[in-house]
Structure formats: structure tokens, C-alpha cells
Amino acid sequence: MSSAVELAIEAAATGPADVAAVIQPASNDSAEEPVANKQQEAEVDFAKISIKEAFTLLNATAAGLSDAEATERLAEFGPNKLPETATNPVLRFLGYLWNPLSWAMEVAAILALILLDFADFALILALLLLNATISFVEESNADKAIKALAGALAPKCRALRGGKVRVMDAVHIVPGDVLIVRLGDIVPADIKILGEEEEHGEEAAPMQIDQAALTGESLPVKKFTGDVAYSGSTVKQGERHALVYATGVNTFFGRAAALISSTNNVANIQKVMTKIGAMCLITIGSWVVLELGVQFGGYMHSCKLGDGAQAPISENLFSRKPDFMV
């Protein structure tokens, strides 16, 4: 899992649009503007453009969005959260019983049942269920870890709406919102840090952002005015206003998660077990064919039904009593 995460983060970081998002300015009263705006959709690297250009592209102001604009953009861009995929736990559990090694054990269990060898049947069935249970529990723990990581994203944030500071759920912020981020906050979306001046006209000290969970950097990174910070990183020093330019799956964290979910990585142990199961099936099948060839071809044995044209196997199943009942 860790290798998949590292590959996904590296791919997200070295892609054609490092901190890119599809931006469509909000429409105005003109009837021709929406068509023109849709034609202007482009991937923009917000780390390389100025703050003024970012405000222009996002059609936002330093006072933040109005409630009407925020509602419209929320409908357009969607909530600021990662999509959740629900799977049926029963089907997931049964999936661990569908592989070559399990097939061989299932055939052996059926044969043991036909031959009324209940001890072997119970043992094989217990081994099958034990193997499936262990695999199911391990994958469930991995899923819980991923959900916990996603749950670590900021649940609340401070945003400017109509020039007033509001504490709101981070899931409701949209591109163009102006946030207030400070020491201890988890950055709720991809943001561009805005400039602030001290009393003597000097620029405020840079922020310290811990983005180890995203990039693996062991020390906090200094972020100056105009720099970008990623969703899921933690503020270690400073307080600034910041402009949101990407939310949800369009964030750096969201793109990395999407790359991970789109890959079908199979664990090495599962590959080994699949190969072992395939070899078992090939060996068993070859041995059965060889045994039948020797018995019927070499020794000229014949297969006959029991008395009254009734198969012996049917007699075993429906007439013969198990040994422990005799």
C-alpha cells in the first residue's frame, strides 16, 4: 500500500498540471458570457500566477463570496470531500473464496462430503473460512486506515462570506472562497496564500506548513505570499488569508487518492497463493487423468452401476449410514 501511495503522489506532483484546477468564472447577466466562459476553461498552475490573476480567474474578491455565489459554485464544483465507495461486505468475503487454491479445497470438500468423510469435510471447510476471514480482516483494517486519513481532513474552517468571518463545515467551501488559516489548522483545500503587512509596512513572516503526509518531507516548509498549500497539510506557524482554488477530487490530495483507487494492485502474497493454487489444480488434474488412463486403459477396469441400476454414490448419500451411527 505504501508503494502505491508514493507512486500516486509522485504522479500527481509531476503531472502536466501540478496544482491545476479547471476554473470556470461565474456567469453574469449577459447571455453571451456563459458560452464564452465555458470556452475559456483551462488548466491553470496557480503556483506560477500572481494573486491578482488568481482572483481574476476565480472571479473572486478579497472580501470572499456571497451566499448566492457560494451556492451556485457548490452546485457546479460539488462538495469539498473525496467520493466514498460502498462495497457489500458479504460479497467481499465471498470473493476470497474465489481463487484457484480455494477451488481445489472446495472440490476436496465436496468429495469428502460425497464419501461421507465428515472429519475431512469439516477440516477443509474450517481452513477455507479461516483463510477468507484473515484476508477479509486485513483488507478491512487497510480500508479503515484510508478512511481515517480522509477523516483527518479539516472538518471546520473559517471563511469570509460577504466580508464577514464564518466558521463553517469545510465540505461547503468552494473555489473562490477566502479562508483564514492559522497555527494548528489543517488546510481544508488547495489554497494560494495572500499577502499581509505588518504595522511598519513589512511583509509578515512566512508560514510554516507541514505537508509530510503528502510529500514525505520531514520538516515544515516555508510558505511566502503567493505560494500554494495543499489540502491535508498542517499549519505549524503563522496566520494568513488564503484563496481557495481547488476542492474535493481536484485537490493535490484528491488526485493522489484517485490515482490509488484507479489502480488494481495485487499483493505479492496473493500472487504467490494464486500461483500455488494454479499449480495444485494442474497437478491434481494431471494425476486424475493419469490415474483414469491407467485404471481403464491399462487394467481394463470398467465402471458399473450398483444393484438395481442405482449409482453407488447415490447409495452412499441417501442410504448408507455414517460410521459413527453404526
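Calculation notes
Numbering of residues starts from 1 in every chain and runs along the sequence as written. Confidence filtering applies because this is a predicted model: local features only for residues at pLDDT of at least 70, side-chain atom pairs given and counted only at 80 or more, and all residues used for totals across whole chains, interfaces and linings. Note that water and hydrogens are dropped before the side-chain values are worked out from all heavy atoms of the structure. The numbering of helices and of strands both runs from the N terminus, where a helix is a DSSP run of H or I of at least 4 residues and a strand a run of E of at least 2. Here the term buried applies to any residue with accessible area under 20% of the maximum for its type, exposed to any over 50%, and partly exposed to those in between, with areas from a 1.4 Å probe on protein chains only. Starting at the helix axis, one direction is taken to each C-beta atom, and the arc is that of these directions. Scored from 0 to 100, pLDDT records how confident the predictor is in each individual residue. For this analysis, residues touch if any pair of their heavy atoms sits within 4.5 Å.

Topologically, Glu76 is positioned in helix α4 (residues 67-77). With relative accessibility at 37%, the residue Glu76 sits in the partly exposed group. The sequence separation of Glu76 and Val174 amounts to 98 residues, and the corresponding C-alpha distance is 9.3 Å.

A word on helix α3 (residues 51-58). If you check which residues of α3 are buried, you get Ala54, Phe55 and Leu58. All buried residues of α3 fall inside an arc of 100 degrees around its axis, so they share one side. The outward face of α3, more than 90 degrees from its buried face, is lined by the exposed residues Lys52 and Thr56. Of the residues flanking the end of α3, it is Asn59, one or two places downstream, whose phi is positive at about 55 degrees.

Let us now look at the confidence of the model for the protein chain. Confidence along the protein chain averages 75 in pLDDT terms, with 70% of residues attaining 70 or more. For the protein chain, helix α2 (residues 33-39) is the element with the lowest average pLDDT, namely 36, and strand β6 (residues 190-193) is the one with the highest, namely 93. This stretch, residues 1-42, has a pLDDT under 50; its non-local contacts, to residues over four places away or in other chains, come to 65 contacts. When the criterion is pLDDT under 50, residues 309-318 qualifies, and its contacts beyond four places in sequence or with other chains add up to 15 contacts.

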